[in-house]
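# Descriptive analysis of the structure
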Amino acid sequence: MSLVELRDVVKRFGANTVLDRVSLTVEPGEIIAVIGRSGSGKSTMLRCINGLESIQGGRIVFDGETVNDPATNLRKLRQRVGIVFQSYNLFPHLSVERNITLAPRVVKGMERDAARDLASRALARVGLADKIDAYPDQLSGGQQQRVAIARSLAMQPQLMLFDEITSALDPELTGEVLKVLEQVAKEGMTMMLVTHEIGFARRVATRLIFMHSGRIWEAGPAGDVLAKPRTPELATFLDAVLH
Amino acid sequence: MIREFSLVDIYYLLLAARWTLALTGLAFLGGGLVGLLIAVLRVSPVAPLRALGAGYISIVQGIPLLAWLFVFFFGLPILAGVRVSPWIAAMVAFSIYAGAFLGDIWRGCLQAIPRQQWEASASLGLSFADQLRYIIVPQAVRVAIPPTVGFLVQLIKNTSLAAVIGFVELTREGQLTNSTTYRPFTVYIVVAAIYFAMCFPLTQWSRSLERTLRVSR
């Protein structure tokens, strides 16, 4: 069974149609890279999957549960779908440890010691074991983003969504975050990532999706899609980002 | 009987100032509870609840505090047949009034926390109550302290209105003293000085809080 299924998803902001009958299925273990211009709907699609945005048509099913069904317990569902944002969104008043352990403790009722243990393991995965007692404003952007990844991983989600997580970072810091991302991918996590890092998408993604004006314009194995664009829109886009 | 204005009168005015402070304290407590509820209603994800909070604020803020005092002190006996003491009437009226203003101040402080903090905490599966408790309120408190202290100063001064329903606080005691000494200028200068002595430190505190809270984490 597919882990995620989008069928004819329509999302509008007022009169503006952001997602125009988008259909997509994601199998467990897949790593899907989503590329496209700003405003093509790629971030919105990601945010619809964990219910941060409501949809006006179609349906989204995650692991058998319909996300856009009002009867669905979104809180339960979100515990199984991690999301990492472009602007990190760490909680500035909490230490790195508390950032990571808050949800496991409050939402899952985990004991303090077990949660601290979980935090240090999650931090080790992102290479920041020594920062457990730091506060977000003592960390670089790249480190903050890695903490945000650790925070999501600590919930042991079945799916991770990454929403342009390196777009706010300079190239040097981008590298360290991508390395973490690649590691998470190797461990078998199902991932969907909106990215502008074409090289990274080519190397890591099992499938690449190019979105254009609210639709999935082209999709397929990353190497093929990037090497042989079938539409002028993708060709123009690649031309712009690669040069 | 007319007598001289003396140190004894100043002593009585100071004693009366205690009731000004007591009423302020109780009104702040009652208003704080109401205000907390209103602020939470105003940021609730449920639209009718938000409207309820907004309705409360506009109704209360649209009616003078004096009118609220009259409603509870003179109105309740007529409408409901319940006689209320000036204490009860003042406490209820001031709580309702302070609740609207504190609710509005705190709503602003809750809304000053970036939307992304709500999204990030929602994405981790936190409930609305947990989001408020662990993420939003702890950050909003820092923003809220200076304007809250500022409102407290307003509240101290506004308790003088309770004099009109016979609540003997500083202003009412001043009126009483004046009626026996006929020294309005002296009496009200002393009354004003006592108000100032209560409010000035708070104003200063509010200013210094604004400075320190802005720079630290």
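Just so you know, these numbers come straight off a predicted model, no measurement behind them.

### Topic: the overall build of chain A
- What chain A contains, in helices and strands, is 9 helices and 10 strands.
- Relative to its length of 243 residues, chain A is compact, with a C-alpha radius of gyration of 18 Å against a globular reference of 18 Å.
- Overall size of chain A, expressed as C-alpha extent along the three principal axes, is 55 × 45 × 35 Å.
- Per-residue burial over chain A gives 47% buried out of 243 residues.
- Sequence-distant contacts in chain A: of pairs separated by 6 or more residues, those separated by 24 or more amount to 62%.

### Some words on unusual backbone geometry
Residues and elements named next belong to chain A.
- Backbone geometry at D8 places phi at a positive 50°, although glycine is not the residue there.
- Structurally, D8 is set in strand β1 (residues 4-13).
- Unlike most non-glycine residues, D63 shows phi in positive territory, near 50°.
- Along the polypeptide, D63 turns up in the loop between β4 (57-62) and β5 (65-66).
- Since 16 C-beta atoms lie within 10 Å of it, D63 is described here as partly exposed.

### Some details on helix α7 (residues 170-181) of chain B
Residues and elements named next belong to chain B.
- Given a rise of 1.5 Å per residue, 12 residues ought to cover 16 Å, and the 16 Å separating the end C-alpha atoms of α7 matches this to within 8%.
- Buried residues of α7: L170, T171, R172, E173, G174 and T177, and no others.
- Y182 lies just past α7 and shows a positive phi near 50°.

### Some thoughts on the pairing of β1 of chain A
All names here are of chain A.
- Where β1 and strand β2 (residues 16-26) come together, 7 bridges link them in antiparallel fashion. Its bridge partner being in β2, K11 is matched across the sheet by L19.
- Counting the residues between successive antiparallel strands, the hairpin from β1 to β2 contains 2 residues, one of them, G14, with a positive phi of roughly 65°.
- Alignment of β1 against β4, held across 5 bridges, turns out to be antiparallel. Counterpart to R7 in the pairing with β4 is R59.

### Quick notes on the packing of helix α3 (residues 65-79) of chain B against helix α4 (residues 86-111) of chain B
Residues and elements named next belong to chain B.
- Axis separation between α3 and α4 bottoms out at 9 Å; the angle between their running directions is 140°. When the axes of α3 and α4 are compared, the pair comes out oblique. Note that α3 runs across α4; the crossing there is right-handed. Contact residues: L65, W68, L69, F72 and F73 in α3; P86, A89, A90, V92, A93, I96 and Y97 in α4.
- The residue inventory of the contact of α3 with α4, partitioned by class, reads 12 nonpolar, no polar and no charged.

### Details of the sheet that holds strand β9 (residues 207-212) of chain A
All names here are of chain A.
- Taken in spatial order, the 6 strands of this open sheet run β6-β7-β8-β3-β9-β10, and their pairing is mixed. Both edges of this open sheet fall to β6 (81-84) and β10 (215-220), since each of them pairs with a single strand only. Taking the axes of each pair of neighbouring strands and ignoring which way they run, one obtains an average angle of 20° across the sheet.
- Relative to strand β8 (residues 190-194), strand β7 (residues 159-163) runs parallel, the two being bridged by 5 bridges. In the sheet register, L159 faces β8, and the bridge partner there is T190.

### Let's talk about the interface of chain A and chain B
- Listed per partner, the contact involves 18 residues of chain A and 16 residues of chain B.
- Among the secondary structure elements, those contributing two or more residues to the side of chain A that touches chain B are α2 (74-78) and α3 (96-106) of chain A.
- Classifying every residue of the side of chain A that touches chain B gives 10 nonpolar, 5 polar and 3 charged.

### Brief notes about the nonpolar core
- Residues V34, A150 and L208 of chain A together with L69, A90 and A93 of chain B are the most contacted members of the largest nonpolar core, which totals 128 residues.
- In contact with L69 of chain B, not counting residues within four places along its chain, are A89, A90, A93, L161, A162, V164 and I165 of chain B.

### Focus: the sheet that holds β5 of chain A
- What the 4 strands build is an open sheet, ordered β2-β1-β4-β5 (chain A); its pairing is antiparallel. Edge positions in the sheet fall to β2 and β5 of chain A, since each has one partner strand and no second.

### Describing the packing of helix α1 (residues 7-42) of chain B against helix α6 (residues 128-158) of chain B
Residues and elements named next belong to chain B.
- Interhelical geometry of α1 versus α6 gives an angle of 145° and a closest axis separation of 12 Å. Handedness of the crossing formed by α1 with α6: right-handed. Between α1, through T20, T24, A27, F28 and V40, and α6, the contact on the second element is made entirely by L132, L152, L155 and I156.
- The residue inventory of the contact of α1 with α6, partitioned by class, reads 7 nonpolar, 2 polar and no charged.

### Regarding the environment of A103 of chain A
- Secondary-structure assignment places A103 of chain A in helix α3.
- Exposure remark for A103 of chain A: the 25 C-beta atoms within 10 Å place this residue in the buried category.
- Along the backbone, A103 of chain A and V67 of chain A are 36 residues apart, and their C-alpha atoms lie at a distance of 21 Å.
- Excluding residues that lie within four positions of it along the chain, A103 of chain A makes contacts with M155 of chain A together with L124, G125 and L126 of chain B.

### Looking at α3 of chain B
Residue and element names in this part refer to chain B.
- Of all the bends in α3, the largest measures some 35° and sits at V71.
- Here α3 has its buried residues at W68, L69, F72 and F73.
- Of the surrounding elements, those touching the buried residues of α3 are α4.
- Remark: G81 follows α3 within two positions and exhibits a positive phi of approximately 70°.

### Here we look at the environment of P201 of chain B
- In this fold, P201 of chain B is placed in helix α8 (residues 184-215).
- With 44 residues separating them along the chain, P201 of chain B and K157 of chain B place their C-alpha atoms 14 Å apart.

### Some words on the confidence of the model for chain B
- Looking at chain B, the pLDDT average stands at 92 and 98% of residues meet or exceed 70.
- Among the scores for the predicted complex, ipTM is 0.93 and pTM is 0.89.

Here is what the cut-offs are and how they apply
- Residues numbered from 1 in each chain as written.
- Chains lettered and ligands numbered in written order.
- Predicted model: local features only at pLDDT ≥ 70, side-chain atom pairs only at ≥ 80, totals over all residues.
- Helix = DSSP H or I, 4+ residues; strand = E, 2+ residues; numbered from the N terminus.
- Rg over C-alpha atoms; globule rule 2.2 N^0.38 Å.
- Buried ≥ 20, exposed ≤ 12 C-beta atoms within 10 Å, placed from the backbone.
- Contact = placed C-beta atoms within 7 Å.
- Expected span 1.5 Å × (residues − 1).
- Pairing = 2+ DSSP bridges.
- Axes fitted to C-alpha atoms, helices over the stretch in contact; angles between N-to-C directions.
- Parallel < 35°, antiparallel > 145°, perpendicular 65-115°, else oblique.
- Left-handed = near helix turned anticlockwise from the far one by under 90°.
- Nonpolar A, V, L, I, M, F, W, Y, C, P; charged D, E, K, R; others polar.
- Core = buried A, V, L, I, M, F, W, Y, C linked by C-beta atoms within 7 Å.
- Bend = angle between axes of the 7 residues up to and from the residue.
- pLDDT = per-residue confidence, 0-100.

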